[in-house]
Amino acid sequence: MHTQGRILSALLAGFLSLSGCSGGDPTGGSDPAPDPGWMKNPPVITPGASGRFLLRGTLLLPQGPLKGELLVEGNTLTCVAESCASATGAAGATVIETGGVIFPGMLDGHNHGLFNIFDEADWNPGRFYGSHNDWTSDTRYQQVLDAKQYLNKDVTSPVDLRCEIDKYAELKALIAGTTSFTLAPGAVELACYSSLARTIDTSRNGLGTDLLRTAISVPSTTSAAQTICNSYAAGTCNAYAVHVGEGINATARNEFATLESRAAGCLLAPQTSIVHGTALGDAEFSKMAVAGMRLIWSPKSNLFLYNDTTRIDLALKAGIKTIALAPDWSLGGSVNLLDELRVANQVSQSKWNGILSPQRLFDMVTIDAARALGVDGLLGSLEVGKRADLVLARIDPSQPYTALLTASPLDLDLVMVDGKPLYGTLELKAAAPSTPGCEELSICGATKFVCVAESSTQNKLNQTYAEIVDVLRSNLSDYDTMVSSLGVQPMTPLAPLVRCP
Ligand SMILES: [Zn+2]
């Protein structure tokens, strides 16, 4: 049975009991009475041209909510306005009308997706650590790592389930409204990646170019650091997401000084996004702010491993403008970004008197996440010219940012990536690609559609969701059998696709 870790459960219960409210919604008005339409009524589709969609609902725009229209032509947003009636492409488009909310697809800027068939039912150390160096030798963690490496064809393993594991991780993200997902620092790129959510840290991200670099540690040499800084100057890298300061002790904190010491401090630059920064304080945050650096925050994973998290209050006071939120992984981190939003809100309420408004939290998973990954020119907001990565949610349009903090994959009526509907409520299945067709699956008691298989028979792209789950379950089971004589506890069952509210 998959349950939340005992220690983390207690922690979050503590946060919940301390948080008496969910914070103000700056644009939501004072009357929370919901429009009954958004709650009961599914969206309505009027089929038209394929590849062109006119969406009506409450749009969450950079300037705030607007009851209006959004035109998608191909993979691009071509109109965002109160009315798109005069736009040429609106005539004959497939029309989808929702009483709920439409917002940009979320971006997950820090994840290790090839671990996400596991969760804390597989590894729960039952203690806390000082830094990321301290838990990697844990016996059970090593066993999980062995299983992951065996299934991922690391070293000499005969089994290669990287496609299945990646797609499972992408799907976990996608059904929760995440349209850009981070696979892993240093992952070898495979052609099966990015078939669901964008694998944003690969050349298969669908954006035509990959200007993002990721790393699990500070460059080990001056020349390695200089190479990255040269790529900043050349414009071939506009975001470098690097783990720094993961932990709570001096070892973790000193990583910032190491980063600063390399190549005359050239990595203290706007292109550098610090992943975690849990051990950092005023001195480091001030330097980050002066340099225009960004921060990527993973509170649930931090609390699970270190019983503490990044001082976002200090980071804000220091003047760091771009702070993104991301789950890290499902081994003690959140299953998806909707869950991570809730954790971030709970921490903000209990530790910092609600310093993060619901709208700021929304920005942390949309435009600020896009900025932290250097893709805000194409993703992260509903603006003309950006890619059509978006979400329709059946949540209260009168207080959308607050409502998002209680949303789950059940509440999402449509998730579209690059103009293609890939997940949603059955009422909108007609909008989904008809070839090779989509599957139905049960999500938290409701039947949804999901489009996993592609027509190509190459690179496992024609696998269905049902086939992927079968392969993962049977291989996990085979692995358990293989290592049982060594006294290794089972890795089954497969970590769940979603945890229902
Ligand atoms: Zn990480």
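Residues numbered from 1 in each chain as written. Predicted model: local features only at pLDDT ≥ 70, side-chain atom pairs only at ≥ 80, totals over all residues.

1. Some thoughts on the overall build of the protein
For step 1, the next point in the chain: Looking only at helices and strands, one finds 14 helices and 18 strands in the protein.
For step 2, the next point in the chain: Over its C-alpha atoms the protein spans a radius of gyration of 22 Å, differing by no more than 12% from the 23 Å that the globule rule assigns to 501 residues.
For step 3, the next point in the chain: Dimensions of the protein, computed from the C-alpha atoms along their principal axes, are close to 60 × 55 × 50 Å.
For step 4, the next point in the chain: Counting only residues that meet the buried cut, the protein has 52% of its 501 residues in that class. (Helix = DSSP H or I, 4+ residues; strand = E, 2+ residues; numbered from the N terminus. Rg over C-alpha atoms; globule rule 2.2 N^0.38 Å. Buried ≥ 20, exposed ≤ 12 C-beta atoms within 10 Å, placed from the backbone.)

2. Digging into the domain arrangement of the protein
How big an interface is tends to be expressed through the accessible area that disappears when the partners come together.
For step 1, the next point in the chain: Partitioning the protein into structural domains gives domain 1 (36-105 + 380-460) and domain 2 (113-372).
For step 2, the next point in the chain: Of note, the centres of domain 1 and domain 2, computed from C-alpha atoms alone, are 28 Å apart.
For step 3, the next point in the chain: Listed by partner, the interface residues are 27 residues for domain 1 and 28 residues for domain 2.
For step 4, the next point in the chain: Mapped onto the side of domain 1 that touches domain 2, the elements with two or more residues apiece are β5 (93-104), α13 (400-404), β15 (412-417) and β16 (420-425). (Domains from an automatic or database assignment. Contact = placed C-beta atoms within 7 Å.)

3. Side note on the environment of Gln-346
For step 1, the next point in the chain: Examined against the element boundaries, Gln-346 turns out to sit in helix α10 (residues 337-352).
For step 2, the next point in the chain: When the C-alpha positions of Gln-346 and Leu-486 are compared, they lie 41 Å apart, and in sequence the two are 140 residues distant.

4. Some thoughts on the sheet that holds strand β9 (residues 212-215)
For step 1, the next point in the chain: Across the sheet, which stays open at both edges, the five strands sit in the order β9-β10-β11-β12-β13 with parallel pairing between neighbours. Among the strands making up the open sheet, the edge pair consists of β9 and β13 (323-325). For this sheet, the mean inter-axis angle between neighbouring strands, taken without regard to orientation, is 20°.
For step 2, the next point in the chain: Pairing of strand β12 (residues 294-297) with β13, which is carried by three bridges, proceeds in the parallel orientation. Across the sheet, residue Leu-295 finds its bridge partner in β13, namely Ile-323. (Pairing = 2+ DSSP bridges. Axes fitted to C-alpha atoms, helices over the stretch in contact; angles between N-to-C directions.)

5. Structural notes on unusual backbone geometry
For step 1, the next point in the chain: Look at the link from Thr-435 to Pro-436: it is a cis peptide, with omega at 0°.
For step 2, the next point in the chain: Within the secondary structure layout, Pro-436 lies in the loop between β16 and β17 (439-443).
For step 3, the next point in the chain: Pro-493 follows Thr-492 through a cis peptide bond whose omega is 0°.
For step 4, the next point in the chain: Within the element layout of this structure, Pro-493 appears in the segment after α14 (465-483).
For step 5, the next point in the chain: Positive phi, close to 85°, is recorded for Asp-328, a residue that is not glycine.
For step 6, the next point in the chain: Taking the number of C-beta atoms within 10 Å as the measure of exposure, Asp-328 has 28 and is therefore buried.
For step 7, the next point in the chain: Backbone geometry at Asn-353 places phi at a positive 55°, although glycine is not the residue there.

6. A word on the sheet that holds strand β7 (residues 178-181)
For step 1, the next point in the chain: What the three strands build is an open sheet, ordered β6-β7-β8; its pairing is parallel. Strand pairing shows two members of the sheet lacking a second neighbour, β6 (106-107) and β8 (198-199), which therefore form its edges.
For step 2, the next point in the chain: Sheet topology places β6 next to β7; two bridges connect them, and they run parallel. Residue Leu-107 lies in a different strand from β7, and its bridge partner there is Ser-180.

7. Re helix α8 (residues 299-306)
For step 1, the next point in the chain: α8 sits mainly inside the fold: eight of its eight residues count as buried.
For step 2, the next point in the chain: The complete set of buried residues in α8 reads Pro-299, Lys-300, Ser-301, Asn-302, Leu-303, Phe-304, Leu-305 and Tyr-306.

8. Overview of the confidence of the model for the protein
Low-pLDDT portions of the prediction should not be read for the details of their coordinates.
For step 1, the next point in the chain: Looking at the protein, the pLDDT average stands at 92 and 92% of residues meet or exceed 70.
For step 2, the next point in the chain: In the model, residues 1-32 has pLDDT below 50 throughout and makes 53 contacts with residues more than four positions away in sequence or in other chains. (pLDDT = per-residue confidence, 0-100.)

9. Re the packing of helix α4 (residues 162-174) against α14
For step 1, the next point in the chain: The interhelical angle for the contact between α4 and α14, taken along N-to-C directions, is 120°, at an axis separation of 10 Å. Between α4 and α14, the crossing angle belongs to the class labelled oblique. Note on packing geometry: the crossing formed by α4 with α14 is left-handed. Here Glu-164, Lys-167, Tyr-168 and Leu-171 of α4 come into contact with α14, specifically with Tyr-465, Ile-468, Val-471 and Leu-472.
For step 2, the next point in the chain: Among the residues making up the contact of α4 with α14, the classes are represented as six nonpolar, no polar and two charged. (Parallel < 35°, antiparallel > 145°, perpendicular 65-115°, else oblique. Left-handed = near helix turned anticlockwise from the far one by under 90°. Nonpolar A, V, L, I, M, F, W, Y, C, P; charged D, E, K, R; others polar.)

10. Brief notes about the environment of Gly-206
For step 1, the next point in the chain: Mapped onto the elements, Gly-206 comes out in the loop between β8 and β9.
For step 2, the next point in the chain: A sequence separation of eleven residues divides Gly-206 from Ser-195, and the C-alpha atoms of the two residues are 9.6 Å apart.
For step 3, the next point in the chain: Contact partners of Gly-206, with chain neighbours within four places excluded, come to Ser-194, Arg-198 and Asp-418.

11. What about the nonpolar core?
For step 1, the next point in the chain: Leu-70, Leu-373 and Val-450 are the most contacted members of the largest nonpolar core, which totals 139 residues.
For step 2, the next point in the chain: Counting contributing residues, this core receives three or more from each of domain 1 (36-105 + 380-460) and domain 2 (113-372).
For step 3, the next point in the chain: Other than its neighbours up to four places away in sequence, Leu-373 contacts Leu-107, Gly-109, Ile-200, Leu-212, Ala-239 and Ala-241. (Core = buried A, V, L, I, M, F, W, Y, C linked by C-beta atoms within 7 Å.)

12. Quick look at the pairing of β12
For step 1, the next point in the chain: Residues Arg-294 and Ile-296 of β12 are buried on one face, and the alternating residues Leu-295 and Trp-297, pointing to the opposite face, are buried as well.
For step 2, the next point in the chain: Relative to β12, strand β11 (residues 272-276) is paired through three bridges, and the arrangement is parallel. Across the sheet, the residue bridging to Ile-274 is Leu-295, located in β12.
For step 3, the next point in the chain: Crossover handedness for the path β11 to helix α7 (residues 282-291) to β12: right-handed. (Right-handed = clockwise from strand over helix to strand, strands pointing away.)

13. Notes on the environment of Pro-409
For step 1, the next point in the chain: Counting through the fold element by element, Pro-409 comes out in the loop between α13 and β15.
For step 2, the next point in the chain: By C-beta crowding, Pro-409 is classed as buried, having 24 other C-beta atoms within 10 Å.
For step 3, the next point in the chain: Here the alpha-carbon distance between Pro-409 and Tyr-423, two residues 14 residues apart in the chain, equals 9.7 Å.
For step 4, the next point in the chain: Residue contacts for Pro-409: discarding those within four places in its chain leaves Ile-175, Ala-176, Ile-443, Cys-444 and Val-498.

14. Considerations on the pairing of β15
For step 1, the next point in the chain: By the criterion of burial, β15 is predominantly enclosed, with six of the six residues buried.
For step 2, the next point in the chain: With four bridges joining them, strand β14 (residues 390-393) and β15 adopt antiparallel strand pairing. Directly across from Ala-393, in β15, lies its bridge partner Leu-412.
For step 3, the next point in the chain: Hairpin connection between β15 and β16: a loop of two residues separates the two successive antiparallel strands, and Asp-418 in this loop has a positive phi of roughly 55°.

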